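Spelled out, the chains give:
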Amino acid sequence: MMKMCTPTALTALQKAEEIEKLINKSHEAKSFAYCPYSKFPVGAALLTEDGQVFTGCNIENACFTVGVCAERAAIHKAISEGFRKFKAIVISSDKSDNFIAPCGACRQVMREFGTKWEVYLTKPDKSYKTMTVEELLPMSFGPQDLPTKSRRM
């Protein structure tokens, strides 16, 4: 007897494959990290609403404050190519047994582009936990909180 896939099951399968692809891309991006000080490589893979994937890695600097996190590297790369709508981002590292989560600055940058998109926090074994930007940064401040004349969109 042949088992038929329902549209919902197919969609769930497609989403699982999409997440697996993003997790693998984030691990690949991690290999390019420049982290001579922390020795903590991080990779990110950002999925735009129209299916483009942008990767990023952390890039440190001897003047610590001018370094950039993997998440912001991927987002800035996408922004510089004209993309503004995001569907998901995956963050990976192999230096912690815990789910890796974005720092506060990265959460705020993510928030600039919406609160409903997904953030996948991973472990080195590629298991993951899913949250939205809103869950990561509750009661956030965003573009709509600025006076109308201050907004540039």
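Residues numbered from 1 in each chain as written. Predicted model: local features only at pLDDT ≥ 70, side-chain atom pairs only at ≥ 80, totals over all residues. Heavy atoms only, no water.

(A) Focus on helix H2 (residues 70-80). Where H2 is concerned, the buried positions are Ala70, Glu71, Arg72, Ala73, Ala74, Ile75 and Ala78. Looking at the packing, one finds that the buried side of H2 touches strand E1 (42-48), strand E2 (53-57), strand E3 (86-93) and helix H3 (104-111). Phi turns positive, to about 95°, at Gly82, one or two residues after H2. (Buried < 20%, exposed > 50% of the residue type's maximum accessible area, 1.4 Å probe, protein only. Helix = DSSP H or I, 4+ residues; strand = E, 2+ residues; numbered from the N terminus. Contact = heavy atoms within 4.5 Å.)

(B) Quick peek at the layout of surface pockets. By volume, the second largest pocket amounts to about 190 Å³. Along its surface, the second largest pocket is lined by 14 residues, and Phe40, Val42, Asn58, Cys69 and Glu71 are the ones closest to its centre. (1 Å grid on protein atoms, 1.4 Å probe; cavity = no way out; pocket = protein on both sides within 12 Å on 5 of 7 lines; lining within 4 Å. Points joined across faces, edges and corners; volume = space filled by probe spheres on them.)

(C) Empty space enclosed by the protein, seen in detail. Under the definition given, this model contains 1 cavity of 30 Å³ or more. Each pocket or cavity is described by its volume, and for the largest cavity that value is around 40 Å³. Looking at the largest cavity, the residues that line it are Lys15, Glu18, Ile19, Leu22, Leu47, Ala88, Glu118 and Tyr120. When residues of the lining of the largest cavity are traced back to their parent elements, those giving at least two are helix H1 (7-30) and strand E4 (118-122).

(D) Focus on the state of the cysteines. Applying the stated criterion to the full structure yields 0 disulfides. Not engaged in a disulfide, the cysteine Cys103 finds its nearest cysteine sulfur in Cys106; these two sulfurs lie 3.7 Å apart. In this structure Cys103 comes out as partly exposed when scored by relative accessible area, which is 33%. Taking the relative accessible area as the measure of exposure, Cys106 reaches 0% and is therefore buried. (Disulfide = S-S within 2.5 Å.)

(E) Structural context of the sheet that holds strand E5 (residues 128-132). Overall, mixed pairing links the 5 strands, which are arranged E2-E1-E3-E4-E5 in an open sheet. Every other strand in the sheet has two partners, leaving E2 and E5 as the edge strands with one partner each. Across the sheet, the mean angle from the axis of one strand to that of its neighbour is 20°, orientation sign disregarded. Relative to E3, E1 is paired through 7 bridges, and the arrangement is antiparallel. Within E3, the residue paired with Gly43 across the bridge is Ser92. Across the face of the sheet, H2 comes into contact with E1, E2 and E3 while running at roughly 140° to E2. (Pairing = 2+ DSSP bridges. Axes fitted to C-alpha atoms, helices over the stretch in contact; angles between N-to-C directions.)

(F) Main features of the pattern of salt bridges. Scanning the entire structure with this criterion turns up 3 salt bridges. A salt bridge links Glu118 to Lys15; its shortest N-O distance comes to 3.0 Å. Placement of Glu118 in strand E4 and of Lys15 in helix H1 is noted, with a sequence separation of 103 residues between them. For the salt bridge of Lys116 with Glu134, the shortest nitrogen-to-oxygen distance reads 2.7 Å. Placement of Lys116 in the loop between H3 and E4 and of Glu134 in helix H4 (residues 133-136) is noted, with a sequence separation of 18 residues between them. Lys116 sits in the exposed class, given a relative accessible area of 60%. (Salt bridge = Lys/Arg side-chain N within 4 Å of Asp/Glu carboxyl O.)

That's the geometry; what it means functionally is another story.
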